[in-house]
Amino acid sequence: MLEKFTAPIGTALDRFIAQKQEQFPFATGELSQLLRDIALAAKIINREINRAGLSGIEGSVGEENVQGENQQKLDVVADVRFIRALIKGEQTCGIISEEDENLIDTKNPKAKYVVAIDPLDGSSNINVNVSVGTIFSIYRRRTSLNTPPTLEDMLQPGRDQIAAGYVLYGSSTMLVYSTGYGVNGFTYEPSLGEFFLSHPNIKMKENGEIYSFNDGLYYQTSEGIRNFIEHCRKNQYSGRYIGSLVSDFHRNMLKGGMYLYPATKKHTQGKLRLMYECNALAFLAEQAGGMAFSDKERILDIMPESLHQRVPLFIGSKNMVKQCLQLLNEEGQEKAAKTKKTEDRQVTE
Ligand SMILES: O=P(O)(O)OC[C@H]1O[C@](O)(COP(=O)(O)O)[C@@H](O)[C@@H]1O
Ligand SMILES: [Mg+2]
Ligand SMILES: [Mg+2]
């Protein structure tokens, strides 16, 4: 019944959220309000991004964040704006953010949701006017109401997300999200200050012909990854890499394709963060009929160990991801066979 819920293109986000809530007789409206808070924060950040070149908020803060990355002014502005909107909205008791080392207690102990955010994704593209994004994941808290949020509330596997999505600040600004019943995309109309449904029930093609990989990492990764990149080249797939995860994912979800950021010599666990990058996009990918894996398992099944942990990410059209994982498996088997041969030889010598 729920799967069938659709709304005509042009439906205002507010109305869409209200109509969707009516599908749940026991809904209390808190999740709906939280989604509205996120949309409000997105509008504010959109304005900041659009005028960054004039308002002097381009460039670096001159400090590193908890990731050891050079923090951009817009990273901080987006972080502050998002956290403020969530605190004011009173639907969130705890927040984790890429830009903050520790769990943020919003002092809303009555709230039943926790949120993980990447306030500004694609930071390397901020000052060069290339599209960037915001990524968010929503979970129901685990600990009882009227108590401060704890790590137990935050460190939940991605499959337990209640909702997830992203905002893409590109040639148009879009909000794309899912509450577990399909993926819908809304385009922002600045003159009306509202998001309108433009991409209902997004489905990802099973086969894709676009691969998104930082080719400069080709010799920093494993043979299995190089075999997959060779496979893409031999099949004349298009190499498309914006360097903003949200933008690359969005394109591949609409056109069919795959984004991969494997383990590298520099990032031995991969670069992307499980809690506020991979889980949200994996939730959307699966809702749209795609796949999202690390080099070992389904992203949504990974049990988080820390707030800022990184994982290798393979995400996109189902058959492309399967092809890639198969080549990684073959590499693994070859390695295992070689090790065994060496061990056997050592035993006999
Ligand atoms: O420059 P690299 O190593 O290819 O990394 C690019 C990737 O890193 C990211 O910028 C990481 O996200 P942040 O910008 O939020 O730190 C992704 O958006 C992007 O896909
Ligand atoms: Mg990011
Ligand atoms: Mg970021």
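In this text the structure is predicted, and so the values were computed from the model without any measurement.

Quick notes on the rules
- Here the residue index of a chain counts from 1 through its sequence in written order.
- For naming, the first written chain is A and the first written ligand is 1, with later ones following in the order written.
- Local features are withheld for residues below a pLDDT of 70 in this predicted model, meaning they are given only at 70 or higher, and side-chain atom pairs are given and counted only at 80 or more; totals for whole chains, interfaces and linings count all residues.
- By convention in this description, side-chain values take in all heavy atoms of the structure and omit both hydrogens and water.
- Stacked, tilted and edge-to-face pairs are distinguished by plane angle, under 30 degrees for stacked and over 60 for edge-to-face with tilted covering the rest, among Phe, Tyr and Trp rings (Trp via its six-membered ring) whose centres lie within 6.5 Å.
- When a residue's accessible area, from a 1.4 Å probe over protein chains only, is under 20% of the maximum for its type it is buried; when over 50% it is exposed; and in between it is partly exposed.
- Water is not among the atoms examined, so metal sites may look incomplete; donors are the N, O and S atoms within 2.8 Å of the metal, or within 3.2 Å for Na, K and Ca.
- For helices the rule is a DSSP run of H or I covering at least 4 residues; for strands it is a run of E covering at least 2, with both sets numbered from the N terminus onward.
- Here, the term disulfide refers to a pair of cysteine sulfur atoms separated by no more than 2.5 Å.
- The domain limits used here are those given by an automatic or database domain assignment.
- Throughout, a contact is declared for two residues whenever any of their heavy atoms are within 4.5 Å.
- Take the accessible area each of two parts loses on contact, using a 1.4 Å probe, and add the two losses: that sum is the buried area.
- Throughout this description, the term salt bridge denotes a Lys or Arg side-chain nitrogen within 4 Å of a carboxyl oxygen of Asp or Glu.
- By the criterion applied in these results, polar contacts are pairs of N or O atoms within 3.5 Å in which, for protein atoms, one can donate a hydrogen and the other can accept it, and in which residues neighboring in sequence qualify only through two side-chain atoms.
- For every residue, the predictor assigns a confidence score, pLDDT, that lies between 0 and 100.
- Residues are classed as near a molecule or strand on a simple rule: at least one heavy atom within 4 Å of it.
- Working definition of accessibility: Shrake-Rupley area with a 1.4 Å probe, residue cover restricted to the visible protein chains.

S.K.: So what exactly am I meant to see when it comes to the packing of aromatic side chains here?
M.R.: Note on aromatic pairs: each is described by the distance of the centres and the angle between the planes. Scanning the entire structure with this criterion turns up seven aromatic pairs. An angle of 20° between the planes, with centres 5.8 Å apart, marks the rings of Tyr177 and Phe186 as stacked. You can call Tyr177 buried: its relative accessible area is 5%. A residue is classified by how much of its surface remains accessible, and Phe186, at 0% relative accessible area, is buried. Pairwise contacts between aromatic rings join Phe16, Tyr177 and Phe186 into one cluster.

S.K.: When you look at the coordination of the magnesium ion (ligand 3) in this model, what are you seeing that I'm missing?
M.R.: Four donors placed tetrahedrally about a metal ideally form angles of 109.5 degrees, and six donors placed octahedrally ideally form angles of 90 or 180 degrees. Around the magnesium ion (ligand 3), the protein contributes the donor atoms Glu98 (OE), Asp118 (OD) and Leu120 (O), which lie 2.0 to 2.2 Å from the metal centre. Read from N- to C-terminus, the donor residues coordinating the magnesium ion (ligand 3) fall into the pattern E-x19-D-x1-L. A separation of 3.6 Å is found between the magnesium ion (ligand 3) and the magnesium ion (ligand 2), which are bridged by Asp118. Within this pair, whereas Glu98 is found in the loop between β3 (92-97) and β4 (104-105), its partner Asp118 is found in strand β5 (residues 113-121), the two being separated by 20 residues in sequence. Neither Glu98 nor Asp118 differs from the other in exposure class; each is buried.

S.K.: Which parts of the structure should I look at to understand the state of the cysteines?
M.R.: Two cysteines form a disulfide when their sulfur atoms are joined by a covalent bond. On inspection of all chains with the given rule, the structure shows zero disulfides. No disulfide involves Cys232; its nearest neighbouring cysteine sulfur is the one of Cys324, lying 7.7 Å away. In this structure Cys324 comes out as buried when scored by relative accessible area, which is 0%.

S.K.: Whenever I open this one, the domain arrangement of the chain confuses me. Can you help?
M.R.: In many analyses, interface size is given as the accessible surface area lost on bringing the parts together. Entries for the chain in the domain assignment read domain 1 (9-199) and domain 2 (210-348). Contacts between domain 1 and domain 2 engage 51 residues on the former and 33 residues on the latter. Of all residues in domain 1, Leu155, Arg159 and Tyr166 bury the most surface against domain 2, accounting for 20% of the area lost on that side. Among the ionic pairs, Asp301 bridges to Arg159, the shortest N-O distance being 3.0 Å. For the interface between domain 1 and domain 2, the tally reads 23 residue pairs in polar contact (both at pLDDT 80 or more). The leading source of residues in the side of domain 1 that touches domain 2 is strand β6 (residues 132-140), at seven residues.

S.K.: Is there a simple way to think about the confidence of the model for the chain in this case?
M.R.: Low pLDDT marks regions whose predicted coordinates should not be analysed in detail. Per-residue confidence for the chain averages 94 on the pLDDT scale, and 99% of its residues sit at or above 70. Among the scores for the predicted complex, ipTM is 0.98 and pTM is 0.96.

S.K.: Can you walk me through the site of ligand 1 in this structure?
M.R.: In the vicinity of ligand 1 there are 18 residues, among which Asp121, Asn214, Tyr241, Leu245 and Tyr261 approach most closely. Residue Asn214 places a side-chain N or O atom 2.8 Å away from an oxygen atom belonging to ligand 1. Measuring from an oxygen atom of ligand 1, one finds a side-chain N or O atom of Tyr241 at 2.6 Å. If ligand 1 stood free it would expose 470 Å²; the protein chains cover 89% of that surface. Of all the secondary-structure elements, those providing two or more residues to the shell around ligand 1 are β5 and β13 (258-261). Considering each element in turn, the shell around ligand 1 owes the most residues, three residues, to β5. When residues are assigned to domains, the shell around ligand 1 turns out to be shared by domain 1 (9-199) and domain 2 (210-348), each giving three or more.

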